[in-house]
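Here is how the chains run, residue by residue.
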Amino acid sequence: MNRIFSSLKLAALALPLAGYTGCSSGSTDAAERIDLCDYTLHFADEFDDLAIAPRKLENGARWTAHTPWNGDFGDAQFSDPRPDGPFAIAQGVLRITAQRDEKGRWRSGLIAAAEASGKGHGVQYGYFEARMKLPSGPGTWPAFWLMSLQPARQTPKIEIDVIEYYGHMTDKYFVTGHVWYDGADEHRTRHDGKRLSVPAGSLTGGFHRYGVRVDAKHVTYFLDGKAVWQQPTPEEHRAPLYPLVNLALGSGYPIDKTPNPSTLEVDYVRVYRPQQDDRTDKCDTKYGRAGQPLPQ
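What comes next is a walk through the structure.

The rules behind each value
- Residues numbered from 1 in each chain as written.
- Predicted model: local features only at pLDDT ≥ 70, side-chain atom pairs only at ≥ 80, totals over all residues.
- Heavy atoms only, no water.
- Disulfide = S-S within 2.5 Å.
- Helix = DSSP H or I, 4+ residues; strand = E, 2+ residues; numbered from the N terminus.
- Buried < 20%, exposed > 50% of the residue type's maximum accessible area, 1.4 Å probe, protein only.
- Core = buried A, V, L, I, M, F, W, Y, C linked by side-chain atoms within 4.5 Å.
- Contact = heavy atoms within 4.5 Å.

Before going further, it helps to spend a moment on the state of the cysteines. All chains considered together, the criterion is met by one disulfide. Each sulfur of the disulfide joining Cys37 and Cys283 lies 2.0 Å from the other. Across the disulfide from Cys37 to Cys283, rotation about the S-S bond amounts to roughly -95 degrees, and the bridge is consequently left-handed. With Cys37 in the segment before strand E1 (39-45) and Cys283 in strand E19 (residues 283-284), the pair connects residues that are 246 residues apart, well separated along the chain. A relative accessible area of 14% places Cys37 in the buried class. Owing to a relative accessible area of 22%, Cys283 belongs among the partly exposed residues under this scheme.

Quick look at the nonpolar core now. Grouped together as the largest cluster of nonpolar side chains are 67 residues, with contacts concentrated most on Met132, Phe144, Ile160 and Tyr173. Per-element accounting of this core gives the leading share, seven residues, to strand E17 (residues 241-249). In this structure Tyr173 touches Val162, Ile163, Glu164, Tyr165, Lys194, Arg195, Leu196, Val198, Leu203, Leu223 and Val228, once residues within four positions along its chain are discounted. Grouped together as the second largest cluster of nonpolar side chains are 10 residues, Ile34, Ala44, Tyr127 and Tyr287 included.

We now examine unusual backbone geometry. Excluding glycine, most residues fall at negative phi; most peptide bonds, likewise, are trans. A cis geometry characterises the amide bond from Thr155 onward to Pro156, with omega recorded as 0 degrees. A cis amide bond links Asn260 with the next residue in sequence, Pro261, at an omega value of 5 degrees. Along the chain, the position of Pro261 falls in the loop between E17 and strand E18 (262-274). Look at Phe47: it is not a glycine, yet its phi comes out positive at around 60 degrees. With respect to the helices and strands, Phe47 occurs in the loop between E1 and strand E2 (52-53). Judged by relative accessible area, Phe47 falls into the buried class, the value being 2%.

What follows is the structure, encoded as structure tokens:
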């Protein structure tokens, strides 16, 4: 998504990325679909209420409104939750809105299921999914992504971009895996991603499910439950991963024609852990096994 400790750069755009025609070489069977009966729901927000705090997971908050490492990015300032802020709930859907304030400055929103201390909601291995409707128009930069759940400045960190979408590219989106190092080890930072083709305008015309499965061997990306790309799991991956969702603007692209306002709609975010027992308990194909243990 961004350079965690300094400048912003979409590393994936510098890679030789091929168009999506199913699962790419080295990935799973193109017909593979995620089976939620293999998982138990670990964390979920169905957005029936607004549980976002500025920077700490306290007083019932499930999300913070800034990156835990204080590395907000893009051409719209990420704002704290407030009555006239970027976050609103309507009929079980979170709406994150980017708009200009009274001084003409762009403001928008990000949610992260973690805080700087390393406290948060995540699993090392499992399946992560968000159901979202993306905003239309040039300059918009929505994303659903994962980061290592550990103290904010600790490295190496794993970042998995389940979807990055650029509003002027209506027929594609990007998936990327990053391994971030800092300081003297920064030269060890790595990026590997892919550009996936979709029907033009399809991601802004309705809700879609964006998912990723992380196991000891592979990171497998899914669109509407179907596998679309796979890459090896980095050997540095040792911590849980937590989800983030944001509506940023820009990333080096102009925002002079970005619709004001622009809104990202998020129906839910769910984190599943692998089912460990003999699978004799009831399986709900919507929530996996063991029902729906929503976060407290």
